[in-house]
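Structural overview for review
For reference, the chains in residue letters:
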Amino acid sequence: MRTDSKIKEDVLEELAWQPNIDETQIGVVVDKGIVTLSGTVDSYSKKITAEKAAKSVFGVRAVAEDIKVQYGKSYQKTDSEIARASADALKWNTSVPEDKINIKVEDGWVYLSGAVMWDYQKQAAKKTVEKLAGVKFVSNTISIEQPVKPIDIKNRITKAFKRSADIDAKNVTVAVDGHTVKLRGKVHSLAEKEDARKAAYFAPGVYKVENELEIVY
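Bear in mind that the values here come from a model prediction, so they are computed numbers and not experimental data.

With mixed pairing, three strands are arranged side by side in an open sheet as β1-β2-β3. Of all the strands in the sheet, the pair left with one neighbour each is β1 (26-31) and β3 (62-69). On average, each strand axis in the sheet is tilted by 10° relative to the strand beside it, whichever way the strands run. The pairing of strand β2 (residues 34-41) with β3 spans eight bridges and is classified as parallel. Residue Ser38 lies in a different strand from β3, and its bridge partner there is Asp66. Packed onto the sheet, helix α2 (residues 44-55) meets β1, β2 and β3 and runs at close to 160° relative to β3.

This is the structure:
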């Protein structure tokens, strides 16, 4: 079991390793493997990068992120400018069906809604918008809808886990209720937990994944 002090040291080093982050702007507190990030950065993409960096550290069980975004005057954008930039960015992303996504912007917060067929499209929309100047936060409520019945979802997901080199399939159980998948069991890292969630969404007919996997180092 890694100590909180060692985890904190590694998180700080991982933040320092990121080329676009000034680690001195970010506070790190660790309690029983749960990392809390605080501070202020000058773009939303840096906020996301800091969260991902913390999640990648061995021993981290969860990340609570309380970093604020404060743009300098030269990078401040109006809500109308952010909305237009978001629409244009989604239009040029071939992974995103832009005619299926609605955009609303309030005080730099971007709200995405609508419906797509796959989770990767939902995530691609969020990643596209979060890189834009002026964005302070992205709320992604895009739903997943497919014109297919949820047939044999459990077997498909279980086989996918067994094929994966990144998921310990024998420690993961899959339960299916309609279009909803529930994952239970134990994994060895936050990355493995996220890989399992992504893999489950690849099965046709899955609209929602409840990821209850426990991280045990």
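Next comes the rest of the description.
Over the atoms, a rolling probe the size of a water molecule traces out where space has been left empty. Estimates place the volume of the largest pocket at around 950 Å³. What lines the largest pocket is a set of 31 residues, among which Lys52, Lys55, Gln123, Glu194 and Arg197 lie closest to the centre. If you list the elements that add at least two residues to the lining of the largest pocket, you get α2, β3, α4 (119-130), β6 (137-140), α6 (190-201) and β10 (208-211). Tallying contributions element by element places α6 first for the lining of the largest pocket, with eight residues. A breakdown of the residues in the lining of the largest pocket according to their chemical character gives 13 nonpolar, four polar and 14 charged.

One non-glycine residue, Lys32, adopts positive backbone phi at about 55°. Among the structural elements, Lys32 can be located in the loop between β1 and β2. Judged by its relative accessible area of 61%, Lys32 is exposed. Phi at Asp107 takes a positive value of approximately 55°, unusual for a residue other than glycine. By the element assignment, Asp107 lies in the loop between β4 (101-106) and β5 (109-116).

Turning our eyes to something else, we now look at α2. The α-helix winds at 3.6 residues per turn, so residues separated by three or four positions along the chain end up facing the same way. Here α2 is 12 residues long and its end C-alpha atoms lie 17 Å apart, about the 16 Å a rise of 1.5 Å per residue gives. Inspection of α2 places Tyr44, Lys47, Ile48, Thr49, Ala50, Glu51, Ala53 and Ala54 among the buried residues, and these make up the whole buried set. Where α2 is buried, its residues meet α1 (4-17), β1, β2, β3, α4 and β6.

Glancing now at a positive patch on the surface. A contiguous patch of positive charge, built from Lys52, Lys127, Lys131 and Lys198, is present on the exposed surface. Note that Lys52 resides in helix α2.

The topology assignment puts Ile48 in helix α2. On the basis of relative accessibility, which here comes to 9%, the residue Ile48 falls in the buried class. For Ile48 and Glu130, which are 82 residues apart along the polypeptide, the C-alpha to C-alpha distance reads 8.4 Å. Look past the residues within four positions of Ile48 in its chain and what remains in contact with it is Lys126 and Glu130.

To continue, consider the packing of aromatic side chains. Enumeration over the complete set of coordinates arrives at two aromatic pairs. On the numbers, 6.2 Å between centres and 75° between planes, the contact of Tyr44 with Phe137 is edge-to-face. Here Tyr44, found in helix α2, pairs with Phe137, found in strand β6; they are 93 residues apart in sequence, far enough to count as distant. For Tyr44, a relative accessible area of 2% translates into the label buried. Classification of Phe137 by relative accessible area gives partly exposed; the value is 29%.

According to the stated counting rule, one finds 16 salt bridges in the structure shown. In this structure, Lys136 and Asp107 form a salt bridge, with 3.6 Å as the shortest nitrogen-oxygen distance. On the criterion of sequence distance, the pair formed by Lys136 in the loop between α4 and β6 and Asp107 in the loop between β4 and β5 is long-range, its members being 29 residues apart. In this structure Lys136 comes out as partly exposed when scored by relative accessible area, which is 30%. Here Arg184 ties to Glu212 by a salt bridge, and the two come within 3.3 Å at their closest N and O atoms.

Reading the values: rules and limits
Residues numbered from 1 in each chain as written. Predicted model: local features only at pLDDT ≥ 70, side-chain atom pairs only at ≥ 80, totals over all residues. Heavy atoms only, no water. Pairing = 2+ DSSP bridges. Helix = DSSP H or I, 4+ residues; strand = E, 2+ residues; numbered from the N terminus. Axes fitted to C-alpha atoms, helices over the stretch in contact; angles between N-to-C directions. Contact = heavy atoms within 4.5 Å. 1 Å grid on protein atoms, 1.4 Å probe; cavity = no way out; pocket = protein on both sides within 12 Å on 5 of 7 lines; lining within 4 Å. Points joined across faces, edges and corners; volume = space filled by probe spheres on them. Nonpolar A, V, L, I, M, F, W, Y, C, P; charged D, E, K, R; others polar. Buried < 20%, exposed > 50% of the residue type's maximum accessible area, 1.4 Å probe, protein only. Expected span 1.5 Å × (residues − 1). Patch = residues over 30% accessible without salt bridge, like charges linked within 9 Å, V, L, I, M, F, W, Y side chains within 5 Å. Areas by Shrake-Rupley, 256 points an atom, 1.4 Å probe, with all protein chains shown as cover. Salt bridge = Lys/Arg side-chain N within 4 Å of Asp/Glu carboxyl O. Lys, Arg positive; Asp, Glu negative; His and termini not counted. Charge placed at Lys NZ, Arg CZ, Asp CG, Glu CD. Phe/Tyr/Trp six-rings, centres within 6.5 Å; stacked < 30°, edge-to-face > 60°.

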